[in-house]
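The chain contents come next:
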Amino acid sequence: MKVSAHMLIERSGRMVQFVSFDKRAWHAGISAYQGREACNDFSVGIELEGCDDVPYTLMQYQMLSEVHKALQVYYPNLSAQAITGHSDIAPGRKTDPGPAFNWQYFKGL
């Protein structure tokens, strides 16, 4: 396959892991974050089932929060400020999670 994410969180909250978090997944493509290119080399890609303009479910937010907390334990240098969307690392090419994603709610969890 040419595209993969580390994990998918379905609308029901069910999580499916495709790639170990300590391995490279091919979720970002041509990308840059905070002056660093090739985000696949240093990031974790978590996909949320849905589309940019349909609100995500409470279960998706809850599971994403739980995964984020677990990653912070496993990777102590991971800061909350490092969490971003595909639209921020590949603007013009990727749009997710889109305007339907409630960043304020997620960060409050």
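All residue numbers here refer to positions counted from 1 along the written sequence of the relevant chain. Given that this is a predicted model, residues contribute local features only at a pLDDT of at least 70 and side-chain atom pairs are listed and counted only at 80 or more, while totals for whole chains, interfaces and linings are drawn from all residues. Only hydrogens and water are set aside when side-chain values are computed; all heavy atoms of the structure are taken into account.

Asks: With reference to specific residues and values, describe the pattern of salt bridges.
Replies: Salt bridge, as used here: a side-chain nitrogen of Lys or Arg that lies within 4 Å of a carboxyl oxygen of Asp or Glu. Inspection of the entire model under this criterion finds three salt bridges. The partner of glutamate 10 in a salt bridge is arginine 14, and the shortest N-O contact between them spans 2.8 Å. For arginine 14, a relative accessible area of 49% translates into the label partly exposed. Two residues, aspartate 41 and arginine 24, come together in a salt bridge whose shortest N-O distance is 3.0 Å. Pair noted here: aspartate 41 is in the loop between strand S4 (36–37) and strand S5 (46–48) and arginine 24 is in the loop between strand S2 (15–17) and strand S3 (32–33), with a separation of 17 residues, a long-range link. Note on classification: 1.4 Å probe, protein chains only; a residue is buried when its accessible area is under 20% of the maximum for its type, exposed when over 50%, partly exposed between these limits. By the criteria applied, helices consist of DSSP H or I runs no shorter than four residues and strands consist of E runs no shorter than two, each listed in order from the N terminus.

Asks: Tell me about the nonpolar core, and name the residues and values.
Replies: The biggest cluster of nonpolar side chains holds 12 residues, and these are Met7, Ile9, Leu48, Tyr56, Tyr61, Met63, Leu64, Val67, Leu71, Ala100, Phe101 and Phe106. Broken down by secondary-structure element, the contributors of at least two residues to this core are strand S1 (7–9) and helix H1 (58–74). The greatest single-element share of this core, amounting to five residues, is contributed by H1. We call two residues in contact whenever any of their non-hydrogen atoms come within 4.5 Å of each other. The contacts of leucine 71, once residues within four sequence positions are left out, are Phe21, Val44, Ile46 and Leu78. To form a nonpolar core, buried Ala, Val, Leu, Ile, Met, Phe, Trp, Tyr and Cys residues must be joined to one another through side-chain atoms within 4.5 Å. Counting residues in hydrophobic clusters, the runner-up holds five residues, among them Ala28, Tyr33, Cys39 and Ile89.

Asks: Tell me about the sheet that holds S2, and please be specific about residues and values.
Replies: DSSP calls a pair of strands paired once it identifies at least 2 bridges connecting them. Pairing is mixed in the open sheet, where three strands are placed in the order S2-S1-S5. Two strands close off the open sheet at either side, each with one partner strand: S2 and S5. Strand-to-strand twist across the sheet, computed as the mean angle between neighbouring axes with direction ignored, equals 20°. Strand contacts of H1: S1, S2 and S5, with the helix running at about 175° to S5, the strand carrying the most contacts. In this description, a line fitted to the C-alpha atoms serves as the axis of each element, helices being fitted only across the stretch in contact, and the angle between N-to-C directions of two axes falls anywhere from 0 to 180 degrees.

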